[in-house]
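Results of the structural survey
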Amino acid sequence: MDIFHIIKRPLVTEKGTHQAGKHYEATRTKAARGGAYTFEVHPEASKPTIRQAIEKIYNVRVVTVRTANCLGKARRVRLSKGTTRAWKKAVVVLDANSHIDLF
Amino acid sequence: MVDEQTGLEEAQTSLDEGDEELDDKAKLKEAIDVSMEDAGTLRKKLTITVPRDAIDERLRDQFAELRRDAQVPGFRKGKAPLVLVEKRFGGEVGDQLVAQLVSSSYLAAVEKVDIKPLGDPLVWIESEGGDTNLVSIDKAVLDMKLPAEGALEFSCEVELKPEFTLPELDDIPVENPKVSISDDDVQGEIDRLRSMRGRYVPVDGKIEKDDLVVADVVMKVGGEVVKEEENVQLAARPQVYSNISIENLGEVLEGKKADDSVTVKVTIGDDYSNLAHRGQEAEFAITVRDVKRIEIPPLDDELIEMAGFDNEAEMREQFKEALEARLDSVIKRGMRGQIGKYLTEKTEMELPTGMSQRQIDRVVARRKVELLQAGMPEAEVDKHTDELRAKATEETVTELKLFFIMEKIAEDMEIDVADEELNGAIASIAGQQGMRFDRVRDQLSKGEGLVSLYLQLRDDKILDVLLTKAKITEVEGPKTKKPAKAAAGGKKAKKKTAKKAKSADSDIEST
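The present account deals with the structure reproduced in this document. (Residues numbered from 1 in each chain as written. Chains lettered and ligands numbered in written order. Predicted model: local features only at pLDDT ≥ 70, side-chain atom pairs only at ≥ 80, totals over all residues. Heavy atoms only, no water.)

With that out of the way, let us pick up the overall build of chain B. In terms of regular secondary structure, chain B is built from 15 helices and 14 strands. A buried classification covers 33% of the 511 residues belonging to chain B. Long-range contacts, defined here as pairs at least 24 residues apart, represent 69% of the contacts in chain B between residues at least 6 apart. Roughly 31,900 Å² of accessible area belongs to chain B as shown, and the carbon and sulfur atoms make up 48% of that amount. (Helix = DSSP H or I, 4+ residues; strand = E, 2+ residues; numbered from the N terminus. Buried < 20%, exposed > 50% of the residue type's maximum accessible area, 1.4 Å probe, protein only. Contact = heavy atoms within 4.5 Å. Areas by Shrake-Rupley, 256 points an atom, 1.4 Å probe, with all protein chains shown as cover.)

The structure is reproduced here in structure tokens:
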């Protein structure tokens, strides 16, 4: 799988920016920049592949990758039932010397 | 009590805001860099430079404000980071800020170099072709971009109010023509009232001038019947019938009786609706059916009562008073005109060319439209353009001059028109036109009506003040406007009496 298929898009949200700013403690290293960044990734991507992809795309050092499968929500239009798509979220904790400019 | 306090607080905060604005302006005035050079008579070119610090400060303020209620997806309202807000709304804020900066820095610059500008400035803008144009400030800000780095620099041209010294305002020589209302004038007025109440009565016998004729008309062009009409009302004087003017109708009809027939031949004019008939000869066969003549009622009790008076003496008295009032206002206007003339003649000033040019163009355009509406062919109107322009120039120059003089006098003498006076004037207009007060005011405030009404009231006030100080000399004035009018009235009266005699004759005939 191509690395650009693994990482779909960065998630620019309130929660994400909060983590990016504050989460360097999770790196358990000296306070520097670092931080945790949130991405939408391919549902079949594994933690090691995500780590590789991020390190390559943004040229940073990754400390930890946490992932979560977000199930699609049930939706109903009149009588037809359906769900929104399921997707995978990855929170990538960076090394204290690394930094990503999301915006 | 509580209300009072909050009211006070409100006043306090609004005051603070005002201070802030003032502060802002003063700061900007300090910060900007202005250079001024001449650009023609009463015209200056200002080059204004707003330093980067001032721009940044404003940008920061703007974004801080914007951040508080910016809606960005993924964030609650007001929670988005500043960087993101800047990126998202940067362009809009920049455009807004440039408009704000240009106008406020212009105002600050005007204060800084201490000039009195006239109207809005024109801004130099570089167009895509690389040449620079002068555009009005509203349009200029649409094209201007906030520089990403460095200072904002722009140059504009502005016209100045002319500097001049007022002539001596005391003892302005004014001539006051002595005219009085004579009994003849009153009689003329009464005759006019009588003729207004006149009625057309059928008469036997020959048609006289100005009689009303009921006739059948057949109109032929080139032997072909174009129009046939029965019971047409025509007067025995030059008339327009189906858009063709029959100049000699009076002479042709005179002396004819009922059931007589006449034919009139007229060449059809160039403005006739049917193109094929233009320039051809039209033949009107007129068969007289009935002759009517105006009967003017005598001055009897009925007429007096209808006019709303108790007796003749009272009527004459009232008419005299009304005429005197009218004469008074005419004389007063004349005297005001004399003062205006004195002021313009005694004051020397240079007029801003751009403004007077614009004004002249406007006047010329209006005159042209008037001429076109009066039916003058376009080629003819174009020929007269130079003539019109010369005339308009003269008028406009004096008008503008008077405008500046009045403005200065108003400033010097601290004459102003209060809102109540303005409302009073509007109310009197409303009364005259039979409209509601607010409708008149709305109509006026749509255009420049309210402003010109204000100017008119102010000028009247100034002139009245000057008039009280003026040196008024009484002159015998048989040659002013009013006597001429009176003379005309007299003529009319004579005509009426002649008519009256005629109608008396016809009365005898009919009995």
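Before going further, it helps to examine the overall build of chain A. When helices and strands are tallied, chain A shows three helices and six strands. Each helix and strand of chain A, placed in order from N terminus to C terminus, yields the pattern α-β-α-β-α-β-β-β-β. The burial tally for chain A puts 33% of its 103 residues in the buried class. For chain A, long-range pairs separated by at least 24 residues make up 65% of all intrachain contacts whose partners lie at least 6 apart in sequence. As displayed, chain A has an accessible area near 6,800 Å², and 50% of this comes from carbon and sulfur atoms.

Here we take up the side chain of R52(B). Among the secondary structure elements, R52(B) is positioned in helix α2 (residues 52–68). The contact partners of R52(B), leaving out residues within four places of it in the chain, are L59(B), P147(B), A148(B), E149(B), G150(B) and A151(B).

Turning our eyes to something else, we now look at the nonpolar core. All names here are of chain B. With 40 residues, the main nonpolar core has I32, L46, I48, V50, I55 and L101 as its most contacted residues. At the level of secondary structure, the elements contributing two or more residues to this core comprise β2 (43–50), α2, α3 (82–113), β3 (117–126), α4 (137–143) and β5 (152–160). Sort the elements by how many residues they give to this core and α3 lands first, with twelve residues. Excluding anything up to four places from it in sequence, V50 contacts I32, I55, L101, S105, A151 and L152. If you look at the next biggest cluster of nonpolar residues, it comprises 34 residues, including F164, F404, L463 and A470. (Core = buried A, V, L, I, M, F, W, Y, C linked by side-chain atoms within 4.5 Å.)

With that settled, the discussion passes to the packing of aromatic side chains. Summed over the entire model, instances satisfying the criterion amount to two aromatic pairs over all chains. When the centroid spacing of 5.7 Å and the interplanar angle of 40° are considered together, the rings of F39(A) and Y58(A) count as tilted. Here F39(A) is found in strand β2 (residues 35–41), whereas its partner Y58(A) is found in helix α3 (residues 47–58), with 19 residues between them in sequence. Under the relative-accessibility criterion, F39(A) is labelled buried at 0%. With a centroid separation of 5.5 Å and an interplanar angle of 65°, the aromatic rings of F403(B) and F404(B) are classed as edge-to-face. (Phe/Tyr/Trp six-rings, centres within 6.5 Å; stacked < 30°, edge-to-face > 60°.)

This part is about the interface of chain A and chain B. Listed as interface residues are five residues of chain A and, on the opposing side, nine residues of chain B. Regarding the contact of chain A and chain B, the summed buried area is about 600 Å², with carbon and sulfur atoms giving 66% of it. The partner of E14(A) in a salt bridge is R76(B), and the shortest N-O contact between them spans 2.6 Å. For the pair chain A and chain B, the interface holds two residue pairs in polar contact (both at pLDDT 80 or more). A per-class count over the side of chain A that touches chain B returns two nonpolar, two polar and one charged. (Buried area = accessible area lost by both parts, 1.4 Å probe. Salt bridge = Lys/Arg side-chain N within 4 Å of Asp/Glu carboxyl O. Polar contact = N/O pair within 3.5 Å; in protein donor to acceptor, adjacent residues only side chain to side chain. Nonpolar A, V, L, I, M, F, W, Y, C, P; charged D, E, K, R; others polar.)

Unusually for a residue other than glycine, R78(A) sits at a positive phi of about 55°. Of note, N231(B) is a non-glycine position whose phi angle comes to about 50°, a positive value. Within the secondary structure, N231(B) is located in strand β9 (residues 224–235). Looking at N231(B), the relative accessible area reads 53%, which means it is exposed.

On to the sheet that holds strand β1 (residues 7–10) of chain A, then. Residues and elements named next belong to chain A. With antiparallel pairing, four strands are arranged side by side in an open sheet as β1-β2-β6-β3. Single-partner strands in this sheet number two, and they are β1 and β3 (62–70). In this sheet, neighbouring strand axes are inclined to one another by 30° on average, regardless of whether the strands run parallel or antiparallel. Alignment of β2 against strand β6 (residues 87–94), held across seven bridges, turns out to be antiparallel. Across the sheet, T38 pairs through a bridge with V91, a residue of β6. Contacts from α3 reach β1, β2, β3 and β6 within the one sheet, and its direction differs from that of β3 by about 120°. (Pairing = 2+ DSSP bridges. Axes fitted to C-alpha atoms, helices over the stretch in contact; angles between N-to-C directions.)

This part covers α3(B). All names here are of chain B. In a regular helix each residue adds 1.5 Å, so 32 residues correspond to 46 Å; α3 covers only 38 Å between its end C-alpha atoms and thus falls short of that length. The largest bend in α3 amounts to roughly 65° and is located at F89. Within two residues after α3, D114 carries a phi angle of roughly 60°, on the positive side. (Expected span 1.5 Å × (residues − 1). Bend = angle between axes of the 7 residues up to and from the residue.)

Quick look at the pairing of β9(B) now. Examined bridge by bridge, strand β8 (residues 212–221) of chain B and β9(B) share nine bridges and lie antiparallel to one another. For V217(B), the partnering residue across the bridge sits in β9(B) and is E229(B).

Once that is clear, we can look at a negative patch on the surface. A cluster of acidic residues, D301(B), E302(B), E305(B) and D310(B), forms a negative patch at the surface. With respect to the helices, strands and loops of the structure, D301(B) is situated in helix α7 (residues 301–306). (Patch = residues over 30% accessible without salt bridge, like charges linked within 9 Å, V, L, I, M, F, W, Y side chains within 5 Å. Lys, Arg positive; Asp, Glu negative; His and termini not counted. Charge placed at Lys NZ, Arg CZ, Asp CG, Glu CD.)

Residue position: S105(B) is located in helix α3. Of the polar contacts made by the side chain of S105(B), one reaches the backbone oxygen of L101(B); its length is 2.7 Å.

Attention now moves to the packing of helix α12 (residues 419–433) of chain B against helix α13 (residues 437–446) of chain B. All names here are of chain B. Packing of α12 against α13 brings their axes to within 9 Å, and their N-to-C directions diverge by 110°. Put simply, α12 runs roughly perpendicular to α13. Only F437, V440, R441 and L444 of α13 make contact with α12, whose side of the interface consists of N423, I426, A427, I429 and A430. When the residues that make up the contact of α12 with α13 are grouped by side-chain class, the tally is seven nonpolar, one polar and one charged. (Parallel < 35°, antiparallel > 145°, perpendicular 65-115°, else oblique.)

What follows covers helix α14 (residues 449–469) of chain B. Taking 1.5 Å per residue, 21 residues should reach 30 Å; α14(B) reaches 30 Å between its end C-alpha atoms and fits that length. Restricting attention to buried positions, one finds in α14(B) the residues G449(B), L453(B), R458(B), I462(B), L463(B), L466(B) and L467(B).

Turning our eyes to something else, we now look at the environment of D271(B). Relative to the assigned elements, D271(B) resides in the loop between β12 (261–267) and β13 (281–295). Along the backbone, D271(B) and G375(B) are 104 residues apart, and their C-alpha atoms lie at a distance of 8.8 Å.

Let us look at the pattern of salt bridges. Any two side chains of opposite charge can pair, given that their charged atoms come close. Under the defined criterion, the tally for this structure stands at nine salt bridges over all chains. In this structure, D56(B) and R52(B) form a salt bridge, with 3.2 Å as the shortest nitrogen-oxygen distance. Here the residue D56(B) and the residue R52(B) both occupy positions in helix α2, the gap between them amounting to four residues, near one helical turn. Judged by relative accessible area, which is 29%, D56(B) ranks as partly exposed. Judged by its relative accessible area of 19%, R52(B) is buried. One salt bridge connects K461(B) with E421(B), and the closest N-O pair in it is separated by 3.1 Å. Here E421(B) lies in helix α12 and K461(B) lies in helix α14, a separation of 40 residues in the sequence. For E421(B), a relative accessible area of 35% translates into the label partly exposed. Linked through salt bridges whose partners overlap, the residues forming this network are R9(A), E40(A) and R85(A).

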